[in-house]
Amino acid sequence: MSVVIIGGHERMETQYKDICKKYKCKAKVFTKMKANLKELIGCPDLIILFTATASHKMVHCAVAESSRNNIAIERSHTSSATALKGILEQYV
């Protein structure tokens, strides 16, 4: 399963990836807006939005890509490791 995480804290990037590995998921993490974010998202199985730490542009881009490619999207207000584990337990 492939996962794209949008938002979150920069210092937590490696923790997010490690948690995803434990659930046998490949993860891409974007904590900051990039010019070509639309292309970088690709076509994962799940997009996770940490809404408290993601910019409006990032959220809008992720929602547009998820609806265009029919990708599941999960939103979480908190960007903690526990929140990520809870989301992954639902989908994996």
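Presented here is a report on the structure given in the accompanying data block. (Residues numbered from 1 in each chain as written. Predicted model: local features only at pLDDT ≥ 70, side-chain atom pairs only at ≥ 80, totals over all residues. Heavy atoms only, no water.)

**Let's talk about helix H1 (residues 13–22)**
Next up, step 1: Among all positions in H1, only Tyr16, Ile19 and Cys20 are buried. Buried residues in H1, looked at end-on, bunch into an arc of 100°, giving them a common side. Exposed positions of H1 whose direction lies more than 90 degrees from the buried face are Thr14, Lys21 and Lys22.
Next up, step 2: Tucked into the core, H1 has its buried residues touching strand E1 (2–6), strand E2 (26–30), strand E3 (46–50) and helix H4 (81–91).
Next up, step 3: A positive phi of about 60° marks Lys24, the residue just after H1. (Buried < 20%, exposed > 50% of the residue type's maximum accessible area, 1.4 Å probe, protein only. Helix = DSSP H or I, 4+ residues; strand = E, 2+ residues; numbered from the N terminus. Arc of directions from axis to C-beta. Contact = heavy atoms within 4.5 Å.)

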